[in-house]
Amino acid sequence: MQVLTEEQEASASALRAQQVVLWSAPVLALVLLVLFAAFPGFFPPMSPDMSAAEVGAFYRDDTALIQLSMVGFNLFGILIVPFFVLIMVQMQRMRSESHIYAFSYLTAVVAGATLFALSDIFFAAAAFRPDRGDDLIQLLNDLGWIFFIAPIGMLVAQFVLLALAVYADDRRAPVFPRWVGHYALLTALAMAPSAGAAVFRHGPLAWDGLVSFWLRNGAFALFAAVMFFVLRAALRRQAEQEGRAS
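Residues numbered from 1 in each chain as written. Predicted model: local features only at pLDDT ≥ 70, side-chain atom pairs only at ≥ 80, totals over all residues. Heavy atoms only, no water.

**Brief notes about the overall build of the chain**
Here is step 1 of the chain: In terms of helices and strands, the chain carries nine helices and zero strands.
Here is step 2 of the chain: Along the chain, helices and strands appear, N-terminal first, in the series α-α-α-α-α-α-α-α-α.
Here is step 3 of the chain: Taken over the C-alpha atoms alone, the chain extends approximately 70 × 35 × 25 Å along its principal axes.
Here is step 4 of the chain: Within the chain, the fraction of its 246 residues that count as buried is 41%. (Helix = DSSP H or I, 4+ residues; strand = E, 2+ residues; numbered from the N terminus. Buried < 20%, exposed > 50% of the residue type's maximum accessible area, 1.4 Å probe, protein only.)

Spelled out as structure tokens, the structure:
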């Protein structure tokens, strides 16, 4: 009886921890949205065709706001990772063959978070010494933008791995509904073309373009918002199932 009680307590504690992560996500998302809007290079997004002198002037004119937004991204950007780890935890509840997808998914999440942090560092480094040569500032700005937009492989991997796990979970009461797999693949297709931001300086695939900037970031934000409700429903079902099992 004592062993059963300990199992119940462990299960309840795990569910509470997952709920904390889930409900902290909207708060962090709001903070990140404010920081995103605060960076003057995003509205409108800076053009890859800006001259070195124009880029240098941008960092000299808006130094304080750029530094504030980048410090904020470095403080709060990584805190959104537990939300995606929560997806991974739910993937582990699927059929056993989905576990390899779950651990691979976690690896992709960590890689994506690392590249996001590096992009912040490059933007911050460009603003660190705004009196340096314009060519050096432009180089750091290029690195910041390319690291922010172009490395899309790990994000595509996240969506594909999630879809594979959903499709493998063919039980009568799956953890995630099957449409989540379809939606994950659709999001991967929408975001994949932004890899071209490392090559194109004009058009929709440039880092400031309709596809690479607006579609990429919009699709990712929308997917995270949808997954909040999917996770909330999954945690409710988990609580009901474990309550009946006890």
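**Thoughts on the pattern of salt bridges**
Here is step 1 of the chain: Within the structure shown, the criterion is met by three salt bridges.
Here is step 2 of the chain: Taking the shortest distance from any N to any O, the salt bridge between arginine 171 and aspartate 169 comes out at 2.7 Å. (Salt bridge = Lys/Arg side-chain N within 4 Å of Asp/Glu carboxyl O.)

**Overview of the UniProt feature "transmembrane region" (unreviewed entry) in the chain**
Here is step 1 of the chain: Per the UniProt annotation, the sites labelled "transmembrane region" (unreviewed entry) are residues 20-43, 63-89, 101-125, 145-168, 180-201 and 213-235.
Here is step 2 of the chain: Counted over residues 20-43, helix gives 79% and strand 0%. Its end C-alpha atoms are 33 Å apart.
Here is step 3 of the chain: What you have in residues 101-125 is 100% helix and 0% strand, and the ends, taken at the C-alpha atoms, are 36 Å apart. (UniProt positions renumbered as here; feature names shortened; annotations may be inferred.)

**Quick notes on helix 5 (residues 99-128)**
Here is step 1 of the chain: The end-to-end C-alpha distance of helix 5 is 43 Å, a good match for the 44 Å that 30 residues give at a rise of 1.5 Å each.
Here is step 2 of the chain: Those residues of helix 5 lying buried are Ala102, Tyr105, Ala108, Val109, Gly112, Ala113, Ser119, Asp120, Phe122, Phe123, Ala126 and Ala127.
Here is step 3 of the chain: In the core, the buried residues of helix 5 are packed alongside helix 2 (52-61), helix 3 (63-76), helix 4 (81-92), helix 6 (134-149) and helix 7 (153-168). (Expected span 1.5 Å × (residues − 1). Contact = heavy atoms within 4.5 Å.)

**Concerning the confidence of the model for the chain**
Parts of the prediction with low pLDDT should not have their coordinates interpreted in detail.
Here is step 1 of the chain: Summary statistics for the chain give a mean pLDDT of 90 and a share of 93% for residues scoring 70 or more.
Here is step 2 of the chain: The least confident element of the chain, judged by mean pLDDT, is helix 1 (residues 2-38) at 80; the most confident is helix 8 (residues 178-191) at 97. (pLDDT = per-residue confidence, 0-100.)

**Thoughts on the environment of leucine 164**
Here is step 1 of the chain: Secondary-structure assignment places leucine 164 in helix 7.
Here is step 2 of the chain: Remark: the alpha-carbon pair of leucine 164 and alanine 184, spanning 20 residues in sequence, is separated by 9.6 Å.

**Remarks on helix 6**
Here is step 1 of the chain: The end-to-end C-alpha separation of helix 6 is 22 Å, in line with the 22 Å expected for 16 residues at 1.5 Å each.
Here is step 2 of the chain: The set of residues buried in helix 6 consists of Ile137, Leu140, Asn141, Gly144, Trp145, Phe148 and Ile149. In a view along the axis of helix 6, the buried residues occupy a sector of 150°, so they form one face of it. (Arc of directions from axis to C-beta.)

**Quick word on a nonpolar patch on the surface**
Here is step 1 of the chain: Side chains of Val71, Leu75, Phe76, Ile78 and Leu79 sit close together on the surface and give an oily, nonpolar patch of about 440 Å² of accessible area.
Here is step 2 of the chain: Tracing the backbone shows isoleucine 78 in the loop between helix 3 and helix 4. (Patch = residues over 30% accessible without salt bridge, like charges linked within 9 Å, V, L, I, M, F, W, Y side chains within 5 Å. Areas by Shrake-Rupley, 256 points an atom, 1.4 Å probe, with all protein chains shown as cover.)

**Considering the packing of aromatic side chains**
Think of a pair of aromatic rings as described by two things: how far the centres are apart, and how the planes are tilted against each other in angle.
Here is step 1 of the chain: By the definition in use, this model includes 26 aromatic pairs.
Here is step 2 of the chain: A ring pair is formed by phenylalanine 116 and phenylalanine 148, whose centres lie 6.3 Å apart and whose planes are at 50°; its orientation type is tilted. Residue phenylalanine 116 is found in helix 5, and its partner phenylalanine 148 is found in helix 6; the two are separated by 32 residues along the sequence.
Here is step 3 of the chain: With centroids separated by 5.9 Å and ring planes inclined at 85°, the aromatic side chains of phenylalanine 123 and tryptophan 145 adopt a geometry described as edge-to-face. Pair noted here: phenylalanine 123 is in helix 5 and tryptophan 145 is in helix 6, with a separation of 22 residues, a long-range link. (Phe/Tyr/Trp six-rings, centres within 6.5 Å; stacked < 30°, edge-to-face > 60°.)

**Here we look at the side chain of threonine 187**
Here is step 1 of the chain: Structurally, threonine 187 can be placed in helix 8.
Here is step 2 of the chain: Apart from residues lying up to four places away in sequence, threonine 187 is in contact with Phe159, Ala219 and Phe223.

**A word on the environment of alanine 188**
Here is step 1 of the chain: Within the secondary structure layout, alanine 188 lies in helix 8.
Here is step 2 of the chain: The exposure class assigned to alanine 188 is buried, which follows from its relative accessible area of 5%.
Here is step 3 of the chain: With 28 residues separating them along the chain, alanine 188 and valine 160 place their C-alpha atoms 7.1 Å apart.

**Some details on the side chain of aspartate 169**
Here is step 1 of the chain: You can see aspartate 169 is positioned in the loop between helix 7 and helix 8.
Here is step 2 of the chain: Relative accessible area serves as the criterion here: at 3%, aspartate 169 is assigned to the buried category.
Here is step 3 of the chain: Of note is the side chain of aspartate 169, whose polar atom sits 2.7 Å from the side chain of arginine 171. (Polar contact = N/O pair within 3.5 Å; in protein donor to acceptor, adjacent residues only side chain to side chain.)

**With respect to the nonpolar core**
Here is step 1 of the chain: Among the nonpolar cores identified, the biggest contains 70 residues, and Tyr59, Phe83, Ile87, Leu162 and Phe176 are the most heavily contacted of them.
Here is step 2 of the chain: At ten residues, helix 9 (residues 210-245) tops the list of elements feeding residues into this core.
Here is step 3 of the chain: Among residues more than four places away in sequence, those in contact with phenylalanine 176 are Ile87, Gln90, Met94, Leu162, Val166, Met227, Val230, Leu231, Ala234 and Arg237. (Core = buried A, V, L, I, M, F, W, Y, C linked by side-chain atoms within 4.5 Å.)

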